[in-house]
Structure formats: structure tokens, C-alpha cells
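Commentary on secondary and tertiary structure
Chain residues, written in single-letter form:
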Amino acid sequence: MPKKEKNLSFEESLQELDTLVNKLENGELSLEKSLEAFEKGIKLTRECQQHLTEAEQKVSMLVGESDDMQLVDFDSPEND
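Here's a quick rundown of the structure.

Now for the environment of Glu-47. Mapping Glu-47 onto the fold places it in helix H2 (residues 31-64). Spatially, the C-alpha atoms of Glu-47 and Asn-7 are 9.1 Å apart, while their sequence positions differ by 40 residues. In this structure the side chain of Glu-47 is engaged in a polar contact, spanning 3.0 Å, whose partner is the side chain of Lys-43.

And the structure:
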């Protein structure tokens, strides 16, 4: 019976993905393990994308609640 994976936070998923990429880039894994890591990496990428999409939707909802709000760049001089 396959073990049930817990839902990871965005940061945890990203960290795990980074670890997998480093192992793949350094050639630390056999072909079979590389394929397994690649498959897991695809899953983690999709999970990260889902987290980002949900966050973007929340921000859009919050900004949409006030008609006089304007989006500005974080690096804008207005923010200093």
C-alpha cells in the first residue's frame, strides 16, 4: 500500500523540488531513481503552481474589494 503524502506548504514543496533538482543535476541518482525524482518533481511543480494560483486569486479578491486601490511595483519610489 503506497504511503499517503501530507499536503506540503509552498515553501516545503519548493525546498523539496530544489533538493531533487540538485540531485538530478549532480548525477547522484541512477536512471530509475532519476525517473522517479523527475516524476515527483513534476508533481511538486504542479503543487507549487496551485499554491501560487490560489495566492494570486486571494490578492485579486482583496484588491478588488476597494475600487480606489492601485497596484504599484514594490521597487517604486512611492513605497519608500
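A word on the nonpolar core. Counting residues in each nonpolar core, the largest one holds five residues, listed as Leu-8, Leu-17, Leu-20, Ala-37 and Leu-44. If near-sequence neighbours (up to four positions away) are discounted, Leu-17 is found in contact with Gly-41, Leu-44 and Thr-45.

Here we take up a nonpolar patch on the surface. A cluster of nonpolar side chains, Leu-24, Phe-38 and Ile-42, forms an exposed patch at the surface whose accessible area comes to about 250 Å². Owing to a relative accessible area of 31%, Ile-42 belongs among the partly exposed residues under this scheme.

Criteria and thresholds
- Position labels on residues start from 1 in each chain and follow its written sequence.
- Under the rules for a predicted model, residues below a pLDDT of 70 receive no local features and side-chain atom pairs below 80 are neither given nor counted, while totals for whole chains, interfaces and linings still include all residues.
- To obtain the side-chain values, all non-hydrogen atoms of the structure were included, while hydrogens and water were left out.
- Put simply, DSSP marks the helices as runs of H or I at least four residues long and the strands as runs of E at least two long, and each gets a number from the N terminus on.
- Two N or O atoms form a polar contact when they lie within 3.5 Å of each other; inside protein one atom must be a possible hydrogen donor and the other a possible acceptor, and for residues adjacent in sequence the pair counts only when both atoms belong to side chains.
- By nonpolar core we mean a set of buried residues, namely Ala, Val, Leu, Ile, Met, Phe, Trp, Tyr and Cys, connected to one another through side-chain atoms within 4.5 Å.
- Each residue is placed in one exposure class: buried if its accessible area under a 1.4 Å probe, protein chains only, is under 20% of its type's maximum, exposed if it is over 50%, and partly exposed if it falls in between.
- Should any heavy atoms of two residues lie within 4.5 Å, those residues are counted as being in contact.
- Surface patches are defined over residues having more than 30% relative accessible area and no salt bridge, joining like charges when they lie within 9 Å and nonpolar side chains (Val, Leu, Ile, Met, Phe, Trp, Tyr) when within 5 Å.
- Note on areas: these come from Shrake-Rupley sampling with a 1.4 Å probe, and a residue is covered only by the protein chains present in the view.
- For this document, the term salt bridge refers to a Lys or Arg side-chain nitrogen within 4 Å of an Asp or Glu carboxyl oxygen.

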